[in-house]
Structures are given as C-alpha cells and as structure tokens.
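# Per-entry structural report
The residues making up each chain are set out below.
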Amino acid sequence: MTTENKLTHCSFCNNHKDQVNKLIVGEQVAICSDCIELCNQLITNDLPKESDPIEDSNFDAEAITAYLDDHVIGQDDAKKILSVAIANHYKRITYHPPDDLEITKGNVLLIGPTGSGKTLLAKSVAKFLNVPFVVADATSLTEAGYVGDDVESLISMLLANADGDIKLAERGIIFIDEIDKIARKGESTSITRDVSGEGVQQALLKLVEGTVCRVSPSGGRKHPNSEMIEVNTKNILFIAGGAFVGLSELIKNRVQGTTIGFGADIKASDVEISSDLVSPDDLTKFGMIPEFIGRFTTTVSLSELDKTQLIRVLTEVKNNYINQYKYLFSIDKVELSFEDKAIEQIVDNCLKLKTGARGLHTEIERTLMPHMFYIRNYYKNGVEKINISQELVLEPKAIL
Ligand SMILES: Nc1ncnc2c1ncn2[C@@H]1O[C@H](COP(=O)(O)OP(=O)(O)OP(=O)(O)O)[C@@H](O)[C@H]1O
Ligand SMILES: [Mg+2]
C-alpha cells in the first residue's frame, strides 16, 4: 500500500474514508472516528475509577451520632465513641499530615451482650458513610492452608461489594463479628490451647495493621492462573464485635483484687462492662492475643437494653418490627394494630429470653403466627382489622 493510499484509509481498521464518519490524517497514519471512540473506551476502562468524594458529614462525629440515633436505640456512649473513631478515620485517610507525622489507625472493638445492637451499629455506620461494607463471622475464618475461608477472603468480599472498584474498597469497613469466639481457651496452658482461634487472630494481625493483599477479583478461591488484584488494607477500617461472655467476671476479679480489705464484695452482675473499665489485660486474659488487642485502640461497650428501650426498638426505630408486620398484613388487606399493654407484654416476654432486642422478633412472630396463618380467611370473612391485646400476646390464637 502506498502512503497516499494509506491516508485514504484508517491505519487501524483499514476502512475507507467514505465508509466512516471522519478520518483524521497525520503525516504517516490516519485514524477514523470509530477507532478513536474504541481507543477512548479502552483507555477509560483501564483508568482507575474515580471514587466519589467523601461527604463532609463523614468527618463530623455529631452528624454520625445523629444518624445513628434514628436507627439504634440507647447506647449513647457507644454511639459517641464510635462516631469519633469514624470521623478520625476519615480525616486520617483524606488529609495528608506533614511528612514527619503519621496518624495511627484506630480500629474499633465493640463489646456488648447479644442483641444489644453491635451488628446494627456497624451496619448503620456503613450505610451512613456509603462505603463498601462486609460483615463476616470470625468463626468461619481459618488460617491460610486450612479448610474454610482464609482471612484474605474478607478483602475479596469487600472488593466484590465495591463492584471491583479498588480505590473504594481500600477505604471500606470490615466488621468481624463473634470475635470473642476466636479467643484461645485457657490463659497459658499449651495443652488446652485452641490453636485455630489463636491462628486466626495471628492471620488477622497483618490485615488489620495494613498490608497489600493479592486477591482474586471474582471473590472466588485463589487459583494459580487467575488474575490477581492488589488491595492495600492500610486504610480499611476494621470493627470487631463480640459478646465476650465471662469478661465481666474477669473484670470483677481485677476490680475486687484492688479493693481487698475494703470489704466490698462485688458480684459479677454488678459490674456493667463500660468502655473505660475494660483493660487490654482483661481481654488478654479472656484469650485475645495482646498484638491483636493492641491494634484495636478504641473499645466501645454496649449495655443491655432495658424495658423502655426495648419498647422504643419495637415502635420508634426506623424499620421497626411493628411497621414491618403492619405492612405484611396490609398485603392481605388487614389492618394490624397493637394495644400498649400488648407491646409491654411482648417486651416482658422478650426480657425473659435474655437475648436482648433479638428476642423481640421471636416474640412478635410467635404472637402473630396464628393470624398470619389464617390471614386469607380473615379477609374472606370480612375481618379488616386486628387489634392485638395483652391476652392475645399471652395466648396467641386466631380470632375466627
Ligand atoms: N439498640 C438497638 N436499637 C434498635 N434495634 C436494636 C438494638 N439492638 C438490637 N436491635 C435489633 O435487634 C436485632 C439484633 O441486633 P444485633 O444484630 O445488632 O445484635 P448484636 O449485638 O450484634 O448481637 P449478637 O451478639 O447476638 O450478634 C436486630 O434486628 C436489631 O435491629
Ligand atoms: Mg451481631
């Protein structure tokens, strides 16, 4: 092909200038508008995606707490401490401090009884911040090389939640639930040592501190031939949560030890675990390894919800159970309502279960079960409204 000939054709697809919209001709080569568009697409696909800028309110602890107030009842101290930790985290990853200053990452440890809102707090924070979020169960994690998900699977999950956007994943939040279940058993005896729990804690250390992880983009298992993506965990915020049953007993022993001779006999149940009472030493005694605890600089403790708070969980919180069931009943054209006494009774039953707000779901489900079973008959028989009384909570039955 002569140069002259070339310049009437696209050097890339060889289409003639009459076959294309535009042909841009240089000294030696020519390119048509279709190929320009194609090249453009290839380039933009390869560029790292621009993540949305972080909202200014993410740096405002008060704004975070105000949002949490809409979703989580009580736990005021926990909300404040968590909000400050989050705001600092985002300041740390957004602004660049002077060269000689490095702000250390402050991962968060949530301690509180079952059903007190640990998972809910973490989920609500992620929703507010609009960042990718992963909740994983510590008990499902294993050391690399064992059967199960190794700790790096957390990063693959985060990446999947960020739709493959590495930059976004790198500032996401990973919530590791049931962290207390990977405590090693027994303080120092090697015979009873639970190796896998301690091993998982060890494996998590690097991840929590900040390391470059090579993960498969599909989130699947590692395969020697599959393409790997590098994710830096330096700016990922880790929140660990656990009930730490028995921790108050350890704290009691310590507190009592220091007050020997002062006559006070403190019962474990009297010791409310509060954020400033839990010492790293208590957690080490519980079975967490010191290096692990050292990486969770903020400890937040949640308290058991009392009756008034449980009533608020049931009726006030956004997305509360009562509204959920009202909606379910409305699908079958039956209007559901509750007498105040009925709500109190549900809460009283729930308190007996000792499962915190978790029990509310169980109790409301138990109360409404017969009605939900017959709901089609209600409508057929002209029953348009059901008002749940205290009796119907004490003895759930259909009203037909
Ligand atoms: N403080 C709270 N305010 C509103 N709802 C709550 C609160 N605590 C718990 N709930 C509700 O109770 C249920 C269980 O809560 P959540 O999963 O947060 O408990 P948890 O503290 O993580 O317990 P566990 O230790 O068993 O995992 C959720 O449906 C949640 O909406
Ligand atoms: Mg939980």
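Just so you know, these numbers come straight off a predicted model, no measurement behind them. (Residues numbered from 1 in each chain as written. Chains lettered and ligands numbered in written order. Predicted model: local features only at pLDDT ≥ 70, side-chain atom pairs only at ≥ 80, totals over all residues. Heavy atoms only, no water.)

## Concerning the overall build of the protein chain
The line we're drawing: Helix and strand labels come from DSSP, where a helix needs a run of H or I of at least four residues and a strand needs a run of E of at least two; each type is numbered from the N terminus. A contact between two residues is defined here by any heavy atoms of the two lying within 4.5 Å. Exposure was quantified through the Shrake-Rupley algorithm and a 1.4 Å probe, taking into account, for residues, occlusion by the shown protein chains and nothing else.
Secondary structure assignment for the protein chain yields 16 helices and 13 strands. Long-range contacts, defined as pairs at least 24 residues apart, comprise 67% of the intrachain contacts of the protein chain with a sequence gap of at least 6. When the accessible area of the protein chain is evaluated, it comes to approximately 22400 Å², of which 51% is carbon and sulfur surface.

## What to know about the sheet that holds strand S4 (residues 133–137)
Stated formally: Whether two strands pair depends on DSSP finding at least two bridges between them. Each axis is a line fitted through C-alpha atoms, taken for helices only over the stretch in contact, and angles between the N-to-C directions span 0 to 180 degrees.
In space, the five strands of this open sheet follow the order S4-S7-S10-S3-S11, with parallel pairing throughout. Edge positions in the open sheet fall to S4 and strand S11 (298–301), since each of these has one partner strand only. Strand-to-strand twist of the sheet, defined as the mean angle between neighbouring strand axes without regard to direction, takes the value 20 degrees. Pairing between strand S3 (residues 108–111) and S11: four bridges, direction parallel. Bridging from a neighbouring strand, Ile 111 pairs with Ser 301 of S11. Helix-sheet contacts for helix H5 (residues 118–129) involve S3, S4, strand S7 (173–177) and strand S10 (237–242), and the interaxial angle to S7 is about 170 degrees.

## Details of the nonpolar core
The cut-off we apply is this: Note on terminology: a nonpolar core comprises buried Ala, Val, Leu, Ile, Met, Phe, Trp, Tyr and Cys residues joined through side-chain atoms within 4.5 Å. Each residue's exposure class comes from its accessible area (1.4 Å probe, protein chains only) as a fraction of the maximum for that residue type: buried when under 20%, exposed when over 50%, partly exposed otherwise.
By size, the foremost hydrophobic cluster in this structure holds 42 residues, and its most contacted members are Leu 109, Ile 176, Ile 179, Leu 204, Phe 244, Leu 283 and Phe 292. With sequence-adjacent residues up to four places away left out, Phe 244 is seen in contact with Leu 109, Ile 111, Ile 179, Asp 180, Leu 283, Phe 286 and Met 288. Listed in part, the 29 residues of the second largest apolar core include Leu 305, Val 334, Ile 375 and Leu 392.

## Some points on helix H3 (residues 61–71)
Test applied: Arc definition: directions from the helix axis to the C-beta atoms. Definition of a polar contact: a pair of N or O atoms within 3.5 Å, with one able to donate and the other able to accept a hydrogen when the atoms are protein atoms, and with sequence-neighbouring residues admitted only if both atoms are side-chain atoms.
Those residues of H3 not exposed but buried are Ile 64, Thr 65, Leu 68 and His 71. One face of H3 carries all of its buried residues, which in axial projection span an arc of 115 degrees. On its buried face, H3 sits against helix H4 (76–94) and H5. You can read the cap of H3 off the contacts: a side-chain oxygen lies 3.0 Å from the backbone nitrogen of Glu 62, and it is on Asp 60.

## Thoughts on the packing of helix H14 (residues 340–353) against helix H15 (residues 358–380)
Between two packed helices, what matters for the description is the angle formed by their axes and the separation of those axes. What counts is decided by this rule: Each angle is binned into one of four classes, with values under 35 degrees roughly parallel, values over 145 roughly antiparallel, values of 65 to 115 roughly perpendicular, and all other values oblique. Handedness of a crossing follows from how the near helix is turned relative to the far one, being left-handed for an anticlockwise turn of less than a right angle and right-handed for a clockwise one.
The interhelical angle for the contact between H14 and H15, taken along N-to-C directions, is 130 degrees, at an axis separation of 9 Å. By the angle between their directions, the pair H14 and H15 is classed as oblique. Of the two elements, H14 crosses H15, and the hand of that crossing is right-handed. Between H14 and H15, the residues in contact are Ile 346, Val 347, Asn 349, Cys 350 and Leu 353 and Gly 359, Leu 360, Thr 362, Glu 363, Ile 364, Arg 366 and Thr 367, respectively.

## Brief notes about unusual backbone geometry
The phi angle at Glu 178 is positive, at roughly 55 degrees, despite the residue not being glycine. By the element assignment, Glu 178 lies in the loop between S7 and helix H8 (195–209). The class for Glu 178 is partly exposed, based on a relative accessible area of 29%. In the Ramachandran plot, Lys 333 falls in the positive-phi region, its phi being about 60 degrees despite a non-glycine side chain. Here Lys 333 lies in the loop between helix H13 (321–331) and strand S12 (335–338).

## Here's the deal with a nonpolar patch on the surface
Put simply, the test is: Each patch is assembled from residues with relative accessible area greater than 30% and no salt bridge, linking like charges that lie within 9 Å and nonpolar side chains (Val, Leu, Ile, Met, Phe, Trp, Tyr) that lie within 5 Å. For salt bridges, the criterion is a side-chain nitrogen of Lys or Arg within 4 Å of an Asp or Glu carboxyl oxygen.
Taken together, the side chains of Tyr 327, Leu 328 and Ile 331 present a nonpolar region at the surface, about 330 Å² in accessible area. Look at Tyr 327 and you get exposed, because its relative accessible area is 56%.

## A look at the site of ligand 1
What counts here: Here, proximity means that at least one heavy atom of the residue falls within 4 Å of the molecule or strand. Residue polarity is assigned by list, with Asp, Glu, Lys and Arg as charged and Ala, Val, Leu, Ile, Met, Phe, Trp, Tyr, Cys and Pro as nonpolar; anything else, Gly included, falls into the polar class.
Around ligand 1, a shell composed of 16 residues is seen, among which Ile 73, Thr 114, Gly 115, Lys 118 and Thr 119 lie nearest. Interatomic distance of 3.0 Å between a backbone N/O atom of Gly 117 and an oxygen atom of ligand 1. Within the side chain of Tyr 321, one N or O atom sits 2.9 Å away from an oxygen atom of ligand 1. When ligand 1 is considered free in solution it has 630 Å² of accessible area, and contact with the protein chains removes 86% of it. The leading source of residues in the shell around ligand 1 is H5, at three residues. Here the residues of the shell around ligand 1 sort into eight nonpolar, six polar and two charged.

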